[in-house]
Amino acid sequence: MTKSMLADASQRLEQALKYAAISEDAIESLKFPQTSLSVSIPVRMDDGSLKVFQGYRVRYDDTRGPGKGGVRYHPNVTMDEVQSLAFWMTFKCAALGLPFGGAKGGITVNPKALSRMELERLSRGYIDAIADFIGPDVDILAPDVYTNSMIMGWMMDQYSIITRHICPAVVTGKPISMGGSVGREAATATGAYYVIQSMLPRFDMTPQTTTVAIQGFGNAGGILAELMFAAGYKVVAVSDSQGGVYAKNGLDIPAVREMKASTRGIRVPYCDRSVCEIDDQDVLTNEDLLKLDVDILIPAALENQITEDNAHDIQAKLIFEVANGPITSAADQILNQKGIYVFPDILVNAGGVTVSYFEWVQNRSGLYWTLDEVNQKLQSRIVEEGDRIWAIARDHDISLRTAAYVHAISRLGEAISAKGTRDYYTNGHGRKG
Ligand code: NAD
């Protein structure tokens, strides 16, 4: 039987437990998702037919605060995947010190096959189905793969209709005109960029002499490619779901972005052309992109891209995980043995949830920040937590991933123990009289 994604994700927890001083109660509490909701969403299609879609929302743990996590629209979405993503969110929020637990949602759908009206009905139907399960103090949604600010706007609007009051803080990543935060759209890429910039000097590397390959050219990967290009990195390869392009001397990333954007009609939520259609570049597959001899490899698409089957072929010196879970635990061990530094997803892509937190704070205070304020707060938090993770890895001589989990578990363990530990209950302090 193939191992479930959640079982694979949990293996990271097991490894980190050896180095984190936390109670048995905390360990027991973190083994399973707290609540997993599965819903059927009936949608009236444009041709008059009725189609029922499967949707999910999982709250993995809310000891440190309300659940927080994106909503994914993809044909491969399963409960197992959503549980794994909620697991990662729990540790990501703890690693960054955000006052949130971990959650995630998804709908099994190919959104590119829906019209804009069908997509809106599906998004509103999803909120109808999970409304009792979410809220600004309970569980807060955000964008993920193939969901965007427009969809977040529909979701926030639908929740406000159901609860009969305007409730911007239930969803982050909304349009700015509906209470979204400046800087949220680019936050995942911007956070990853700050992490990369802060780590580079530790390897005596400079942007100008560093080659980069990026898998995934969406919100996270596309914006990051542009930031790195602007900083002088040589981005030699990028790809999307259709495949990739490669140029030995570096791609002109703004031109690639422009080309992709120009094919996205203003009324069409998804592009239907690919970066591979650009002339004058070599075309390569997503598999080949991962194996390129580059300094930095950035998986920024989907999970399970580097497995035990291709880990031996990876040649990059550093990997920054912008996607969630792009490397399996078996592949992790191989990369470790090869001396490749893997900067883990729960740090590298945490810029998105960090600015989502800022958006939630702004919605609740009613006071809105400038882009400089948002980016400065993001940079200081993500670089500071990255430094802590680096120090834990160095002190224990462990991988950066294990160090990130040790860091997160310490915070989670502290919160779980604050509610009472085994020692407290077995020593009789809790009894009256
Ligand atoms: P997106 O929908 O904007 O873009 C996804 C990109 O991946 C697209 O370019 C798509 O063509 C490409 N892609 C899809 N299938 C692929 C495949 N099989 N091979 C190669 N490329 C493929 O999504 P996004 O928001 O950029 O998310 C990408 C990753 O980053 C996901 O793992 C997501 O969970 C993670 N992430 C995103 C955010 C965020 O705020 N957007 C935050 C944290 C983590």
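Residues numbered from 1 in each chain as written. Predicted model: local features only at pLDDT ≥ 70, side-chain atom pairs only at ≥ 80, totals over all residues. Heavy atoms only, no water.

Visitor: Could you give me a rundown of the domain arrangement of the chain, with the residues and numbers involved?
Guide: By domain assignment, the chain separates into domain 1 (33–169) and domain 2 (187–348). If you average the C-alpha positions of domain 1 and of domain 2, the two centres end up 27 Å apart. With 21 residues of domain 1 at the contact, the number on the domain 2 side is 12 residues. Carbon and sulfur atoms make up 56% of the area that domain 1 and domain 2 hide from each other, which totals about 1,300 Å². The three residues of domain 1 that bury the most area against domain 2 are W88, K92 and R116, which together make up 35% of that side's buried surface. Here domain 1 and domain 2 share one salt bridge between them. Between E303 and R72 there is a salt bridge, and its shortest N-O distance comes to 2.9 Å. At the boundary of domain 1 and domain 2, one finds two residue pairs in polar contact (both at pLDDT 80 or more). Residue contributions to the side of domain 1 that touches domain 2 peak at six residues, all from helix α3 (residues 79–95). The class makeup of the residues in the side of domain 1 that touches domain 2 is 11 nonpolar, three polar and seven charged. (Domains from an automatic or database assignment. Contact = heavy atoms within 4.5 Å. Buried area = accessible area lost by both parts, 1.4 Å probe. Salt bridge = Lys/Arg side-chain N within 4 Å of Asp/Glu carboxyl O. Polar contact = N/O pair within 3.5 Å; in protein donor to acceptor, adjacent residues only side chain to side chain. Helix = DSSP H or I, 4+ residues; strand = E, 2+ residues; numbered from the N terminus. Nonpolar A, V, L, I, M, F, W, Y, C, P; charged D, E, K, R; others polar.)

Visitor: Help me get a handle on the site of the ligand, residues and values and all.
Guide: Around the ligand, 22 residues are found, and the nearest of them are D144, T188, N219, A220 and N324. Between A301 and the ligand, the recorded distance is 3.0 Å, taken from a backbone N or O atom to an oxygen atom. Within the side chain of N324, an N or O atom sits 2.8 Å from an oxygen atom of the ligand. In isolation the ligand offers 820 Å² of accessible surface; the protein chains occlude 88% of this area. Its residues assigned to classes, the shell around the ligand comprises nine nonpolar, nine polar and four charged. Counting the residues that make up the shell around the ligand, at least three belong to each of domain 1 (33–169) and domain 2 (187–348). (Near = heavy atom within 4 Å. Areas by Shrake-Rupley, 256 points an atom, 1.4 Å probe, with all protein chains shown as cover.)

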